[in-house]
Amino acid sequence: MIVDVGPLLRGEVKRLELDYLLSPQPMDGIVFDSDARVTGYLTDSAGYMRLHLKAELNYHGECARCLAPVDGVFSLDFERTVTVEGTLTEEQLDEMSDEYVVLSGSELDVDEPLREELLLGFPFRLLCSDDCLGLCPRCGKPKREGECGCPTKEIDPRLAVLKTFFDNDGEEEKN
Ligand SMILES: [Zn+2]
Ligand SMILES: [Zn+2]
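Numbers given for residues are sequential positions, taken from 1 along each chain in its written order. Labels follow written order: the first chain is A, the first ligand is 1, and so on. The model is predicted, so local features are restricted to residues of pLDDT at least 70 and side-chain atom pairs to those at 80 or more, both for listing and for counting; the totals for chains, interfaces and linings are taken over all residues. Calculated side-chain values reflect all of the structure's heavy atoms, with hydrogen atoms and water omitted.

Secondary structure summary: the protein contains four helices and eight strands in total. Labels follow the DSSP assignment, with helices taken as runs of H or I lasting at least four residues and strands as runs of E lasting at least two, numbered in each case from the N terminus. Put simply, the protein runs from its N terminus to its C terminus through helices and strands in the order β-α-β-β-β-β-β-α-β-β-α-α. Between buried and exposed lies partly exposed: a residue is buried under 20% and exposed over 50% of the maximum accessible area for its type, with that area taken using a 1.4 Å probe on protein chains only. Counting the 175 residues in the protein, one finds 30% classified as buried. Note on areas: Shrake-Rupley with a 1.4 Å probe; residue coverage comes only from the protein chains shown. With an accessible surface of roughly 11,800 Å², the protein has 51% of that area assigned to carbon and sulfur atoms.

Structure, rendered in structure tokens:
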């Protein structure tokens, strides 16, 4: 959403409330519920302007290990300092883009910092549970569903030579 911060700039108000619905863009493999409620406020104290935003995004994706559907809520709660265009160099902004948001005239695009925070903070590997065992590499059955009967001691042929070596080594020690 584009917010007109004119009243703040002109000193007519000290605080602007924000409350709107955002339609987040789907990300790679992630679908968001159509609308997320964003709340927050802009404050101005003697020309020092701060933006505070909160949002909760319901998402749907799949487990990176077993492909089971994963639903979750991603919470955002952050603050930025609002700076007038031209105050900071491009370089400074690149380095501190997580601290500043740039005002264009009297208009502030509050979706932009939201998108940035989302990209920075969103887990790019979703798991159905931290200890998800994934899929059987041979038959593709999720391991949490129990034994599939596939041989588990499958060894990479490149490592087979080493295994033979160590097995022989072990036998020699026993003798
Ligand atoms: Zn899983
Ligand atoms: Zn299997």
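Coordination partners: N, O, S within 2.8 Å of the metal, 3.2 Å for Na, K and Ca; water not considered, so apparent gaps in a site are possible. For the zinc ion (ligand 1), the full set of protein donor atoms is Cys-63 (SG), Cys-66 (SG), Cys-128 (SG) and Cys-132 (SG), at a range of 2.3 Å. Between the four donor atoms coordinating the zinc ion (ligand 1), the angles at the centre fall across 108 to 113°, so the site counts as tetrahedral. Summarised as a motif, the one-chain spacing of the donors to the zinc ion (ligand 1) is C-x2-C-x61-C-x3-C. Taken as a pair, Cys-63 in the loop between β5 (48–62) and β6 (69–84) and Cys-132 in the loop between α3 (111–121) and α4 (157–174) lie far apart in primary sequence, 69 residues in all. Accessibility expressed as a relative area gives 1% for Cys-63, which makes it buried. In these descriptions, tetrahedral denotes four donors with every angle between 85 and 135 degrees, square planar four donors and octahedral six donors with opposite donors over 155 degrees apart and the rest between 65 and 115, and irregular any other case.

Our next topic: unusual backbone geometry. Unusually for a residue other than glycine, Ala-46 sits at a positive phi of about 50°. Note on placement: Ala-46 falls in the loop between β4 (36–45) and β5. Among the residues examined, Ala-46 registers a relative accessible area of 83% and is labelled exposed.

Glancing now at the pairing of strand β2 (residues 15–22). Side chains of β2 alternate between two faces, with Leu-16, Leu-18, Tyr-20 and Leu-22 buried and Arg-15, Glu-17, Asp-19 and Leu-21 left unburied. DSSP-based pairing: two strands are paired if at least 2 bridges between them are found. When β2 meets β4, the two strands line up antiparallel, connected through eight bridges. Paired with Glu-17 across the bridge in β4 is Tyr-41.

With that out of the way, let us pick up the coordination of the zinc ion (ligand 2). The coordination sphere of the zinc ion (ligand 2) contains the protein donors Cys-136 (SG), Cys-139 (SG), Cys-148 (SG) and Cys-150 (SG), at a distance range of 2.2 to 2.3 Å. Each of the four donor atoms bound to the zinc ion (ligand 2) contributes to angles spanning 108 to 112°, and the resulting shape is tetrahedral. Read N to C, the donor residues that coordinate the zinc ion (ligand 2) are spaced as C-x2-C-x8-C-x1-C. Of this pair, Cys-136 sits in the loop between α3 and α4 while Cys-148 sits in the loop between α3 and α4, placing them 12 residues apart in sequence. Assessed through its relative accessible area of 32%, Cys-148 is described here as partly exposed.

Counting 35 residues, the largest nonpolar core has Leu-42, Leu-51, Leu-108 and Leu-114 as its most contacted members. Where this core is concerned, the elements lending two or more residues are β2, β4, β5, β6, β7 (100–103) and α3. In terms of residue count, the dominant contributor to this core is β5 (six residues). Contact between two residues is taken to exist if any of their heavy atoms lie within 4.5 Å; hydrogens are not considered. Ignoring anything within four residues of it in the chain, the contact list for Leu-42 reads Val-3, Val-5, Leu-8, Lys-14, Arg-15, Leu-16, Leu-18, Met-49, Arg-50, Leu-51, Val-82 and Leu-108. Note on terminology: a nonpolar core comprises buried Ala, Val, Leu, Ile, Met, Phe, Trp, Tyr and Cys residues joined through side-chain atoms within 4.5 Å.

Time to look at the side chain of His-52. With respect to the helices, strands and loops of the structure, His-52 is situated in strand β5. Of the residues examined, His-52 reaches a relative accessible area of 13% and is grouped as buried. For His-52, the contacting residues outside a window of four places in its chain are Thr-39, Gly-40, Tyr-41, Asp-77, Phe-78 and Glu-79.

Moving on to the pattern of salt bridges. The rule for a salt bridge is simple: a side-chain nitrogen of Lys or Arg has to be within 4 Å of a carboxyl oxygen of Asp or Glu. For the coordinates displayed, the defined rule picks out eight salt bridges. A salt bridge links Glu-12 to Arg-10; the shortest N-O distance between them is 2.6 Å. You'll find Glu-12 and Arg-10 in the same group, each marked exposed. Ionic pairing is found between Arg-50 and Glu-79, a salt bridge with its closest N-O pair at 2.9 Å. Of the two residues, Arg-50 sits in strand β5 while Glu-79 sits in strand β6, which places them 29 residues apart along the sequence. Residue class for Arg-50 comes out partly exposed when judged on its relative accessible area of 23%. Through salt bridges that share partners, Arg-80, Glu-116 and Glu-117 make up one connected network.

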